[in-house]
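Tertiary structure, described
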Amino acid sequence: MASVQAASVDKGKENDAKEENAPVVSGGKETTPPCKKQRAREAAARGSDKSSEKAQLAGHLKGLPAQVAEDLGIGIEIPWFSMEDIDVGRRLGGGKFGSVYVARCRRSGFCFALKILNKAQLIKHRVEHQLRREIEIQSHCRHVNILRLYSFFHDEKRVYLMLELAPGGELFGLLQNRGTFSEARSAWYFKQLVEAFQYCHGKNIIHRDIKPENILIGLKDTLKIADFGWAVHAPTSRRETFCGTLDYLPPEIVASKSYGKHVDLWGLGILLYEFLVGKPPFEAPDQPRTCRKITSGVPSFPPHITREAKDLISRLLHKDPKHRMTLDQILLHPWMVENCGGDNANILHRKYGGMM
Ligand code: AMP
């Protein structure tokens, strides 16, 4: 892996922030992570998990044999941090490969989220390369709506990711609690995500797995795209890997065609639909039916959705990727202008605060 010692954690910088639900890789072949049906169940399981553990980790982790992680292919850089430098606090949540804690740098007092991943689990599920890709991509991103990965280090048993702290937790949880978001809130959120994707696509990064579980909420309702486990840096070539979450997969991936950045536009269309309707548009009882709906179905809209919102979603969910609306066009769409511009911009600012 290229050396990925990310920026150091400076005292005084903003500290809001995640990563996620690492998709499974079996037999060296990437497979699809669980679909929406399982999502709520998994979220509930993780919720009960949350209250169970107290983080007494600092002491526990001390004294572990230092360094050497060739098993993960992580370069043997001299780490800028170790557990000796960090106080570990409350557990924020858990995923398949480990847990996330509030943590503080002893020297600077800087607070961040410490994600502790179990190497044996990563290796068992063959997701080492995904983690490497995620670290490489996320540590190089600098955008207010992309969760910062400040740094990482590892010891014999674990990999430690130092992440921006997102006090609001997962957007998925908020959407589950509320059922749907208002058009004003959806537009405000959507604008932030579109701007994050403008940044990513400008750097030839395709995310490929946008969904509410992969978005965290920072201070003042600032959204943070968190999980880059499926992201690729694809400056030239078109990709052919089947990846992402089934409900969010675009027709070109379902049909195993090569694809490019347009997959993220489709993902944004599905996401906006889910914000407004509370479920993805092509949800079906099983995988084959979901795939059929994705390739040939037309989304149906409940009556409360405005004409402009329907128009925007339909233009993003165009089956032909070349005909999907571009990111720049989204920001100029009347629904976005109406909800995020003019007087509404001030209302949004008062209600949800500014982006940080
Ligand atoms: P993950 O293993 O990345 O799915 O994270 C598990 C849970 O930890 C998430 O559902 C969040 O509630 C919480 N979490 C993860 N990363 C952060 C973060 N950077 N800031 C705050 N909470 C986080």
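Please read these numbers as outputs of a predicted model, since none were measured by experiment.

As for the sheet that holds strand E6 (residues 149-154)
- Read across the sheet, 5 strands follow the order E3-E4-E5-E7-E6 without closing on themselves; strand pairing throughout is antiparallel. Each edge of the sheet is formed by a strand with only one pairing partner; in this case those strands are strand E3 (86-95) and E6. Neighbour-to-neighbour, the strand axes of this sheet turn through a mean angle of 25°, independent of strand direction.
- Relative to strand E7 (residues 158-163), strand E5 (residues 111-118) runs antiparallel, the two sharing 6 bridges. Paired with Leu114 across the bridge in E7 is Met162.

Describing the nonpolar core
- Formed by 87 residues in total, the largest nonpolar core has its most connected members in Phe112, Leu114, Met162, Leu193, Leu268 and Leu272.
- In terms of residue count, helix H8 (residues 262-277) provides more of this core than any other element does, 11 residues in total.
- Residue assignment places this core across two domains, with domain 1 (83-163) and domain 2 (171-352) each supplying three or more.

A look at the confidence of the model for the protein
- Here the protein averages 78 in pLDDT, while 72% of its residues score no lower than 70.
- In this model, residues 46-78 is a region of pLDDT below 50 whose contacts with residues beyond four sequence positions or in other chains number 45 contacts.
- Contacts from residues 236-240, a stretch scored under 50 in pLDDT, to residues over four places away or in other chains number 8 contacts.

Things to note about the packing of H8 against helix H10 (residues 307-316)
- Relative orientation of the contacting elements H8 and H10 amounts to 150°, with a least axis distance of 8 Å. Put simply, H8 runs roughly antiparallel to H10. When the axes of H8 and H10 are compared, the crossing they make is left-handed. Contacts between H8 and H10 involve Leu265, Trp266, Leu268, Gly269, Leu272, Tyr273 and Leu276 from the first element and Ala309, Leu312, Ile313 and Leu316 from the second.
- Taken together, the residues of the contact of H8 with H10 sort by class into 10 nonpolar, 1 polar and no charged.

Regarding the packing of helix H6 (residues 183-202) against H8
- Following both chains from N to C, one finds H6 and H8 inclined at 160°, their axes separated by 10 Å at the closest point. For the element pair H6 / H8, the angle class is roughly antiparallel. Between H6 and H8 lies a crossing of right-handed hand. Residues Glu183, Ser186, Tyr189, Phe190, Leu193, Val194 and Phe197 of H6 lie in contact with H8, whose contacting residues are Asp264, Leu268, Leu272, Phe275 and Leu276.

Digging into H8
- Compared with an ideal rise of 1.5 Å per residue, which puts 16 residues at 22 Å, H8 spans 23 Å between its outermost C-alpha atoms and is within 8% of the ideal.
- Among the 16 residues in H8, 16 count as buried, and that is most of the element.
- Directly beyond the C-terminal end of H8, a positive phi value near 95° is found at Gly278.

Some details on unusual backbone geometry
- A positive phi angle, close to 55°, is found at Arg126, a residue other than glycine.
- Relative to the elements of secondary structure, Arg126 occurs in the loop between helix H3 (119-124) and helix H4 (128-140).
- The class of Arg126 is partly exposed, set by 15 C-beta atoms lying within 10 Å.
- Despite not being glycine, Asn204 has its phi angle at roughly 60°, a positive value.
- As for its placement among the helices and strands, Asn204 is situated in the loop between H6 and strand E9 (205-206).
- Judged by the 13 C-beta atoms lying within 10 Å of it, Asn204 falls in the partly exposed class.

Reading guide: rules and limits
- Residues numbered from 1 in each chain as written.
- Predicted model: local features only at pLDDT ≥ 70, side-chain atom pairs only at ≥ 80, totals over all residues.
- Pairing = 2+ DSSP bridges.
- Helix = DSSP H or I, 4+ residues; strand = E, 2+ residues; numbered from the N terminus.
- Axes fitted to C-alpha atoms, helices over the stretch in contact; angles between N-to-C directions.
- Core = buried A, V, L, I, M, F, W, Y, C linked by C-beta atoms within 7 Å.
- Buried ≥ 20, exposed ≤ 12 C-beta atoms within 10 Å, placed from the backbone.
- Domains from an automatic or database assignment.
- pLDDT = per-residue confidence, 0-100.
- Contact = placed C-beta atoms within 7 Å.
- Parallel < 35°, antiparallel > 145°, perpendicular 65-115°, else oblique.
- Left-handed = near helix turned anticlockwise from the far one by under 90°.
- Nonpolar A, V, L, I, M, F, W, Y, C, P; charged D, E, K, R; others polar.
- Expected span 1.5 Å × (residues − 1).

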